[in-house]
Amino acid sequence: LVSEDESRGSAVLVDAVSRQIVVCATARITIIDDDMAGVISWAREEEHIRTTHEDQWVNLQVIRKSGSNGPITCQYKTENATALAGTDYEPTSGTIEFEDGMTFAQVPVKILAKGRYGTSDCFR
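Keep in mind that this is a model prediction, so the values were computed, not measured.

Student: Help me understand the confidence of the model for the chain, please; the structure alone is not making it clear to me.
Tutor: If pLDDT is low for a region, its predicted coordinates should not be looked at in detail. Confidence in the prediction of the chain, expressed as mean pLDDT, is 80, and 71% of residues score 70 or more. Element-level pLDDT for the chain is lowest in strand β1 (residues 8–14), with a mean of 63, against a maximum mean of 94 in strand β6 (residues 93–98).

Student: Hey, could you run me through the pattern of salt bridges in this one?
Tutor: Pairs can form between side chains of opposite charge whenever their charged atoms are close. In total, this model carries three salt bridges according to the counting rule given. As a salt-bridge pair, Lys-110 and Asp-55 come within 3.8 Å of each other at their nearest N and O atoms. Here the residue Lys-110 occupies a position in strand β7 (residues 104–111), and Asp-55 occupies one in the loop between β3 (39–42) and β4 (56–65), the gap between them amounting to 55 residues. For Lys-110, a relative accessible area of 19% gives the class buried.

What counts and what doesn't
Residues numbered from 1 in each chain as written. Predicted model: local features only at pLDDT ≥ 70, side-chain atom pairs only at ≥ 80, totals over all residues. Heavy atoms only, no water. pLDDT = per-residue confidence, 0-100. Helix = DSSP H or I, 4+ residues; strand = E, 2+ residues; numbered from the N terminus. Salt bridge = Lys/Arg side-chain N within 4 Å of Asp/Glu carboxyl O. Buried < 20%, exposed > 50% of the residue type's maximum accessible area, 1.4 Å probe, protein only.

Structure, rendered in structure tokens:
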């Protein structure tokens, strides 16, 4: 057994039948720190949403990877690109709270109904 602050450890292999030591060796061990808070990112870089004649809510997925130790928070807000707040979507902002062990969250965004079709708009 090796603790996180050690970088060397021993391994002993024992024959299962004779119970004799077969190999005793010392090796450099790399410990992957799995008790980190993690990294937050969007589940997808792009989300394609088909507009309708009515306003619709979409939930954009946020994931926490490479660790999930402890509670953490993340602030978010929408920004215009080719889609305009108030015309194409309702601007939104808030805070996502990840509890200890939580790896998934959603950000709700209201997409406003469009009278025209065949265009492609985006927001950040």
